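The chain contents come next:
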Amino acid sequence: MLQMGQWSVLLLLSLTSIVHSQSCKWLHPKQEYLNSQILKAFNETTFVFQFTVRETDEICQEHRSDLSNTESLYNVSQVEAGVLIVREVLNETMRFYMKHHESMGCKQQAWERFQQLLYYQIHQLEACIPKASENHLIKETISEEFNLLEKIVLGKDNSACVWDFIHSETRRNLQQVLQLSSRLRRQRLLQRPQ
């Protein structure tokens, strides 16, 4: 009789073969261009607010401690976990910005381009995820961070500092996700039989 740990290893191995045997376009090296386009489109949504240094210190500094530390989440080496993390961050980013892009002063054309790129990437990721591989811990961790961002928005007036903080946190998450994507693509290339 197999013990629980052995079942986990067998499940992980079977999921690995499912993802690698699929035609997962998200893992193709050509997708690196899409990474750069997503970040470029996000940066173009940027808004400009005027605020004083004192306001920045008083309001923004307090939020740094509000967010949970998700850095370890991005250190996964299994493709399945990486796909789930990338999809969840992109989904949560989409959800948050759909709700707040107008009040954040995002440029409409840039927002629409960013939204299209996220939809495209999420669609590609869906083809890479076997139905049985959902991970509720990953979902909860990422959702919790975006819920904290939501609380920050609802808890303060819509000051420039708050929106700047939200925008920089989103950029940090996107950069982490895109770095994870690149790392998993390189890892897959190295593992391919020659």
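The structure under discussion appears in the preceding block.
As the structure is a computational prediction, the values presented were derived from the model and not from experiment.

**Concerning the side chain of Thr170**
- Position of Thr170 among the secondary structure elements: in helix α7 (residues 160–191).
- Given a relative accessible area of 0%, Thr170 falls into the buried group.
- Here the side chain of Thr170 touches Ile166 through a polar contact of 2.9 Å, landing on its backbone oxygen.
- Setting aside residues up to four positions removed in sequence, Thr170 forms contacts with Phe42, Thr93 and Tyr97.

**Here's the deal with the packing of helix α4 (residues 79–100) against helix α5 (residues 108–126)**
- Put simply, α4 and α5 touch, their axes get as near as 10 Å, and they point 150° apart. Here α4 lies roughly antiparallel to α5, going by the angle between them. The chirality of how α4 crosses α5 is left-handed. Of the residues in α5, those touching α4 at Val83, Val86, Arg87, Leu90, Asn91, Thr93, Met94, Tyr97 and Met98 are Trp111, Phe114, Gln115, Leu118, Tyr119, Gln121, Ile122, Leu125 and Glu126.

**Things to note about the state of the cysteines**
- A complete count under the given rule lists one disulfide for this structure.
- Across the disulfide from Cys24 sits Cys128; the S-S distance is 1.8 Å. Linking Cys24 and Cys128, the disulfide has an S-S dihedral of approximately 100° and is accordingly described as right-handed. Residue Cys24 is found in the loop between α1 (4–21) and α2 (32–44), and its partner Cys128 is found in the loop between α5 and α6 (136–155); the two are separated by 104 residues along the sequence. Take Cys24 and Cys128: they sit in the same class, and that class is buried.

**Some details on the pattern of salt bridges**
- By the definition in use, this model includes seven salt bridges.
- Residue Glu169 is joined to Arg172 by a salt bridge in which the shortest nitrogen-to-oxygen separation is 2.9 Å. Here Arg172 and Glu169 lie together in helix α7, a separation of three residues that amounts to about one turn.
- According to the relative accessible area criterion, Glu169 is buried, its value standing at 7%.
- Taking relative accessible area as the criterion, Arg172 reaches 21% and is therefore assigned partly exposed.
- Each of Arg87, Glu88 and Glu126 takes part in salt bridges that share partners, so that together they form one network.

Conventions we followed
Residues numbered from 1 in each chain as written. Predicted model: local features only at pLDDT ≥ 70, side-chain atom pairs only at ≥ 80, totals over all residues. Heavy atoms only, no water. Helix = DSSP H or I, 4+ residues; strand = E, 2+ residues; numbered from the N terminus. Buried < 20%, exposed > 50% of the residue type's maximum accessible area, 1.4 Å probe, protein only. Polar contact = N/O pair within 3.5 Å; in protein donor to acceptor, adjacent residues only side chain to side chain. Contact = heavy atoms within 4.5 Å. Axes fitted to C-alpha atoms, helices over the stretch in contact; angles between N-to-C directions. Parallel < 35°, antiparallel > 145°, perpendicular 65-115°, else oblique. Left-handed = near helix turned anticlockwise from the far one by under 90°. Disulfide = S-S within 2.5 Å. Salt bridge = Lys/Arg side-chain N within 4 Å of Asp/Glu carboxyl O.

Any functional reading would require information that these geometric values do not contain.
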